[in-house]
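What follows is each chain in one-letter form.
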Amino acid sequence: QVQLVESGGGLVQPGGSLRLSCVGSGGIFSITTMRWYRQAPGKERELVASITSGGSTNYADSVKGRFTISRDMSKNTVYLQMNSLKPEDTAVYYCNVNLLGINYWGQGTQVTVSS
């Protein structure tokens with residue numbers, strides 16, 4: 001089975017930074033696209049960033065220029081570096097992979113941006 005475990009969330013002030021990590025099983029990051037989603041209460045789940053097996057990246061307009069997705073294949077880990085954080089970035093952040101038509105999700109990690 002595919003297992004994803006996120007970590008790195010926490011409480012930061014506006015303008016601060018956090019780096020989220022997602023560790024996957026079975027070396028799956030080398031063959032498929034990894035994605036970061038986020039969801040706040042009362043809001044739709046939002047695709048934040050993605051990175052393909054070839055290293056191509058995409059970002060939501062709301063985070064472009066502030067967030068960076070990257071990976072370390074040797075560690076089977078994908079990262080989300082979040083800079084210049086805003087209160088509207090507050091959400092639970094989830095790592096996601098779709099494999100053979102099935103979506104796999106981590107447990108989520110809470111990011112709170114507040115003064």
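Residues numbered from 1 in each chain as written. Predicted model: local features only at pLDDT ≥ 70, side-chain atom pairs only at ≥ 80, totals over all residues. Heavy atoms only, no water.

A. Region of the structure containing the side chain of Asp 89. Following the sequence through the fold, Asp 89 ends up in the loop between strand S8 (77–82) and strand S9 (91–99). Take Asp 89: its relative accessible area is 1%, and that puts it in the buried class. A polar atom in the side chain of Asp 89 sits 2.8 Å from the backbone nitrogen of Lys 86. Once residues within four sequence positions are removed from consideration, Asp 89 is found in contact with Arg 38, Val 63, Arg 66, Phe 67, Ser 84, Val 111 and Val 113. (Helix = DSSP H or I, 4+ residues; strand = E, 2+ residues; numbered from the N terminus. Buried < 20%, exposed > 50% of the residue type's maximum accessible area, 1.4 Å probe, protein only. Polar contact = N/O pair within 3.5 Å; in protein donor to acceptor, adjacent residues only side chain to side chain. Contact = heavy atoms within 4.5 Å.)

B. Structural detail: the state of the cysteines. Applying the stated criterion across every chain, the model contains 1 disulfide. Paired by a disulfide, Cys 22 and Cys 95 hold their sulfur atoms 2.1 Å apart. The sign of the S-S torsion, about -80°, decides the handedness of the disulfide formed by Cys 22 and Cys 95: left-handed. Of this pair, Cys 22 sits in strand S3 (residues 18–24) while Cys 95 sits in strand S9; the two residues are 73 residues apart in sequence, bridging distant segments of the chain. (Disulfide = S-S within 2.5 Å.)

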